[in-house]
Amino acid sequence: MAEKICVAVRVRPSISEESPSGTFWKIEDNRISLHKLHGTPISGLSYAFDHVFDESCSNSKVYELLTKDVIHAAVDGFNGTAFAYGQTSSGKTFTMNGSLNDPGIIHRAVNDVFQKIQMISDREFLIRVSYMEIYNEEINDLFAVENQKLPIHESLERGIFVAGLREEIVNNAEQVIKLLESGEVNRHFGETNMNARSSRSHTIFRMVIESKGIDTGSGDYSSSDAIRVSVLNLVDLAGSERIAKTGAGGVRLKEGKYINKSLMVLGNVINKLSNGAKQRAHIPYRDSKLTRILQTALGGNAKTSIICTVAPEEVHIEETKGTLQFASRAKRITNCAQVNEILTDAALLKRQQLEIEDLRRKLQGSRSEVLEQEILKLRNDMLKYELEREKLEMELEEERRSHKEREQRIRDQQLKIENLSSLVSDGDRSSSQDSMKESPKDECNDFKTPCFKETSNNAFVAKRSNYSELPDFSPLPDSFSNVADEDTWFKMNKGYIADLDSLQTTPARKVQSFPPQDITPDCSNDNYKLELQNLKTQLELVIKEKDELQRKLEEEVQINRRLMGEISELKQELDLSNNSLESSAQRYGNLEREFQKLKDERDSLLQTVSESSKNITFLTDQKENILKDLNCEVQRRKDLEAEIKQFSVAFASRQRSLASIHGEFKSKIEKLRAENLVRY
Ligand code: ADP
Ligand code: MG
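Labelled according to an unreviewed UniProt entry, the chain appears under the name Kinesin-like protein, originating from Gossypium mustelinum. As its UniProt record puts it under Sequence similarities (unreviewed entry), the chain is described as follows: "Belongs to the TRAFAC class myosin-kinesin ATPase superfamily. Kinesin family. KIN-7 subfamily."

What follows is the structure, given as structure tokens:
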């Protein structure tokens, strides 16, 4: 997450006895502004920061408010940097190193780191420290005086680092403090004027905090195997005063030039970073050793806090203004810190193994079973739907057939009924003709020629049957005998309506309206009556049958309707099942695709694992070889040492013997000399 650099200003207590004559710096909360001695603030010279510490503020408070969070974050895996910027004698070293009574930020940070890691029980830590000085643009190791002019390198694994710098693995705070003290001693080494050097050099104390989750056997790779590496820089910068003020020549001028370069580049870098993202295209980190080493701390992956120390004296106003301007620009820098996690080969392997196991579980265990079961279920469903559909189709076909048959039967019966009805109506007509013949009223009444209405074909009342075509009877006009409507009947019969029952009971009468016919064959009449009787009984039966059929027809129609309803419902169901069948098939396809994808993934992971295993074996072999070599070397060194010892012993004895010979010679010479003297 993007976050601003934390910037604070610290004003040291005044050293000089003089009291201000014109202006003074006033501190209110987190604001520092230049005021006229007895009056108003001077406009344009008021600055606000995260914190402004006055002269009474202790190192402990500065640490608590400004640096503690950075240190704690470093333990959690974030890079961190705290540096002190300011002119010489403004209190940078006091802030970073502190005094006996009030330890500085470095001491407090070291103590805090060890205290904090002791409280973390689920991770194990490895802490390395180094201490360097940048002097005349050269990096010197403060833990090993022989390591001078060290180069800066950059690698993928280590980032930017100082090659050949001694790193001490440390287990407790006391050890670190001792190392720091020895570093300070080294710094003094060969120095006639310590202050002159310290104001021109930058010192960087660096802690590399590595941590790894303690394997709890939970198999949770994210907490157990990834290694966190964070770098914590605590920097005491050279004095930021301008070179003109140093006012010296010779060596000092050269030093000044370099200081200027390093701090100037730091200023440039901070300027560019504070201008925002647009102008960030090129940041000149590489222009100085200091900015190169602090690259991640400035606008990179680090939590950074800057303490700008200022002197309150009036003579330093210009320098103080410069420092405050630098602090204001630094305040605008945004960093982007994140936990630095590294996956080692072993961790990577374990992570991959877990992933593969997970996949395998998914494939072999529950996952594949579920898939298979689902597929089986889908297949069953499909089959069931298919069968149901077939059954329904068959039923539908059967129903159609029976429907047709029923319709056919109904049509046949209707035809039959029609035939019978026409038969009956012919019979009726004959009988009504009889009654007309037999009616006494009609005998005397004038027979009126009926006024024939045009009869429509539908106005069926009675039809002539074959029986009525006997030539001897009813020589009525053709048109009359063929079709007659109710009106005609009404008019003809004067309201008399042919009643089948009455027809039955009416006695036979001769027709009188026509000239009497002498010979009316009796036997044919009898036959006719008999026939009529038969027909009547037949008619009754037929009517019953017709009623029965009618009833059946209604029932059938109802059943039909019900069946049609059921069929349409079934059709709907069928549609629904077809739809669900389709979606099931789709799901089946999707699942199969997923299955294939998982298989592929597993295969590729297996491939990676085997490659990693190979790598690891290769590395292990290499390590073993190196160890062997090392052992050989150690042995050789021991041998050499023994040889040297032997040699020294031999040398000493030789020396002794030579000395004794020398002594002998000497005494002999002296003796000879004495003899000579005696002689002459
Ligand atoms: P720098 O490292 O910036 O050159 P020093 O830290 O050496 O400056 O400080 C110069 C002097 O001022 C030292 O004697 C130091 O003890 C003293 N001093 C600086 N800051 C404070 C402070 N906040 N409280 C007390 N003394 C201080
Ligand atoms: Mg100092």
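We are not done yet, so read on.
Participant: What exactly am I supposed to notice about the overall build of the chain here?
Facilitator: Along its length, the chain carries 17 helices and 17 strands. Partitioning the intrachain contacts of the chain with sequence separation of at least 6 by distance along the chain shows that 75% fall at a separation of at least 24. Surface exposure of the chain reaches about 42200 Å², of which carbon and sulfur atoms provide 53%.

Participant: When you look at the side chain of threonine 95 in this model, what are you seeing that I'm missing?
Facilitator: Note on placement: threonine 95 falls in helix α2 (residues 92–97). Side chain to side chain, threonine 95 and arginine 10 meet in a polar contact 3.0 Å long.

Participant: I keep staring at the packing of aromatic side chains and nothing clicks. Help me out?
Facilitator: Any pair of aromatic rings gets described here by the distance separating the centres and the angle formed by the planes. Evaluation of the coordinates by the stated rule reveals 5 aromatic pairs. Aromatic side chains tyrosine 131 and phenylalanine 143 sit 6.1 Å apart centroid to centroid with 55 degrees between the ring planes, which places their arrangement in the tilted category. Highlighted residues: tyrosine 131 in strand β8 (residues 123–135) and phenylalanine 143 in the loop between β9 (138–141) and β10 (152–155), separated in sequence by 12 residues. Exposure class is identical for tyrosine 131 and phenylalanine 143. Each is buried. Among the aromatic side chains, those forming a connected cluster through ring pairs are Tyr131, Phe143 and Phe205. The ring centre of phenylalanine 78 lies 4.9 Å from the NZ or CZ of lysine 303, which sits over that ring.

Participant: Help me out: how do you make sense of the side chain of asparagine 147 in this one?
Facilitator: Tracing the backbone through its elements, the reader meets asparagine 147 in the loop between β9 and β10. The contacts of asparagine 147, once residues within four sequence positions are left out, are Ile139, Asn140, Asp141, Gly164 and Arg166.

Participant: Is there a simple way to think about the nonpolar core in this case?
Facilitator: Most often, soluble globular proteins have nonpolar side chains that are buried together. Judged by nonpolar contacts, the single largest core of 46 residues is most densely connected at Val9, Ile32, Phe49, Leu266 and Leu298. Discounting chain neighbours no more than four positions away, the residues touching isoleucine 32 are Val9, Val11, Trp25, Lys26, Ile27, Leu45, Ser46, Tyr47, Phe49, Val52 and Leu324. Judged by nonpolar contacts, the second largest core, of 36 residues, contains Val62, Val70, Val75 and Met96.

Participant: In this structure, what is going on with the pairing of strand β2 (residues 6–11)? I would like to understand it.
Facilitator: Each regular strand carries side chains that alternate between the two faces of the sheet. With 5 of its 6 residues buried, β2 lies for the most part within the structure. As defined by bridge partners, β2 adjoins strand β15 (residues 303–310) across 6 bridges and the pair is classed as parallel. Counterpart to arginine 10 in the pairing with β15 is threonine 309. As defined by bridge partners, β2 adjoins strand β6 (residues 51–53) across 3 bridges and the pair is classed as parallel. Counterpart to alanine 8 in the pairing with β6 is histidine 51.

Participant: Could you clarify how one ought to interpret unusual backbone geometry in this entry?
Facilitator: Most of the time, phi is negative for any residue but glycine, and the peptide bond is trans. The phi dihedral of glutamate 137 falls on the positive side, at around 60 degrees, and the residue is not glycine. With respect to the helices and strands, glutamate 137 occurs in the loop between β8 and β9. Residue classification places glutamate 137 among the buried residues on the basis of a relative accessible area of 10%.

Participant: Any chance you could explain the sheet that holds strand β3 (residues 23–28) here in plain terms?
Facilitator: Across a sheet, paired strands are connected by hydrogen bonds in the backbone, their directions being either parallel or antiparallel. Across the sheet, which stays open at both edges, the 3 strands sit in the order β3-β4-β5 with antiparallel pairing between neighbours. The sheet terminates laterally at β3 and β5 (41–48), the two strands that pair on one side only. For this sheet the average axis-to-axis angle between neighbouring strands, irrespective of direction, equals 25 degrees.

Participant: Can you walk me through the confidence of the model for the chain in this structure?
Facilitator: Do not read the fine detail of predicted coordinates wherever pLDDT is low. On average, residues of the chain score 79 in pLDDT, and 75% of them are at 70 or above. Contacts from residues 431–486, a stretch scored under 50 in pLDDT, to residues over four places away or in other chains number 78 contacts. Counting interchain partners and residues more than four positions distant, the pLDDT-below-50 stretch residues 492–521 has 37 contacts.

Participant: Explanation requested: the site of ligand 1 in the structure shown.
Facilitator: All residues adjacent to ligand 1 are Arg10, Arg12, Pro13, Gln87, Thr88, Ser89, Ser90, Gly91, Lys92, Thr93 and Phe94. Contact between ligand 1 and serine 90: an oxygen atom at 3.3 Å from a main-chain N or O atom of the residue. A distance of 3.1 Å separates an oxygen atom of ligand 1 from a polar atom in the backbone of glycine 91. Here ligand 1 loses 67% of its free accessible area of 550 Å² to cover by the protein chains.

Participant: Which parts of the structure should I look at to understand the layout of surface pockets?
Facilitator: Rolled over the atoms, a probe sized like a water molecule indicates the empty space that remains. Considered as a void within the structure, the second largest pocket measures approximately 640 Å³ in volume. Counting only elements with at least two residues in the lining of the second largest pocket, the list comes to β7 (80–86), β8, β11 (159–162), β13 (202–213), β14 (227–236) and α9 (289–293). The biggest single contributor to the lining of the second largest pocket is β11, with 4 residues. In terms of residue class, the lining of the second largest pocket is built from 13 nonpolar, 11 polar and 6 charged.

Participant: It is not clear to me how helix α3 (residues 105–119) should be interpreted in this structure. Could you clarify?
Facilitator: Residue pairs spaced three or four apart in an α-helix point in one direction, given the helix's 3.6 residues per turn. With 15 residues, α3 should cover 21 Å at 1.5 Å per step; its first-to-last C-alpha distance of 21 Å lies within 8% of that length. The complete set of buried residues in α3 reads Ile105, Ile106, Ala109, Val110, Asp112, Val113, Phe114, Lys116 and Ile117.

Cut-offs and rules
- Residues numbered from 1 in each chain as written.
- Chains lettered and ligands numbered in written order.
- Predicted model: local features only at pLDDT ≥ 70, side-chain atom pairs only at ≥ 80, totals over all residues.
- Heavy atoms only, no water.
- UniProt positions renumbered as here; feature names shortened; annotations may be inferred.
- Helix = DSSP H or I, 4+ residues; strand = E, 2+ residues; numbered from the N terminus.
- Contact = heavy atoms within 4.5 Å.
- Areas by Shrake-Rupley, 256 points an atom, 1.4 Å probe, with all protein chains shown as cover.
- Polar contact = N/O pair within 3.5 Å; in protein donor to acceptor, adjacent residues only side chain to side chain.
- Phe/Tyr/Trp six-rings, centres within 6.5 Å; stacked < 30°, edge-to-face > 60°.
- Buried < 20%, exposed > 50% of the residue type's maximum accessible area, 1.4 Å probe, protein only.
- Lys NZ or Arg CZ within 6 Å of the ring centre and 35° of its normal.
- Core = buried A, V, L, I, M, F, W, Y, C linked by side-chain atoms within 4.5 Å.
- Pairing = 2+ DSSP bridges.
- Axes fitted to C-alpha atoms, helices over the stretch in contact; angles between N-to-C directions.
- pLDDT = per-residue confidence, 0-100.
- Near = heavy atom within 4 Å.
- 1 Å grid on protein atoms, 1.4 Å probe; cavity = no way out; pocket = protein on both sides within 12 Å on 5 of 7 lines; lining within 4 Å.
- Points joined across faces, edges and corners; volume = space filled by probe spheres on them.
- Nonpolar A, V, L, I, M, F, W, Y, C, P; charged D, E, K, R; others polar.
- Expected span 1.5 Å × (residues − 1).

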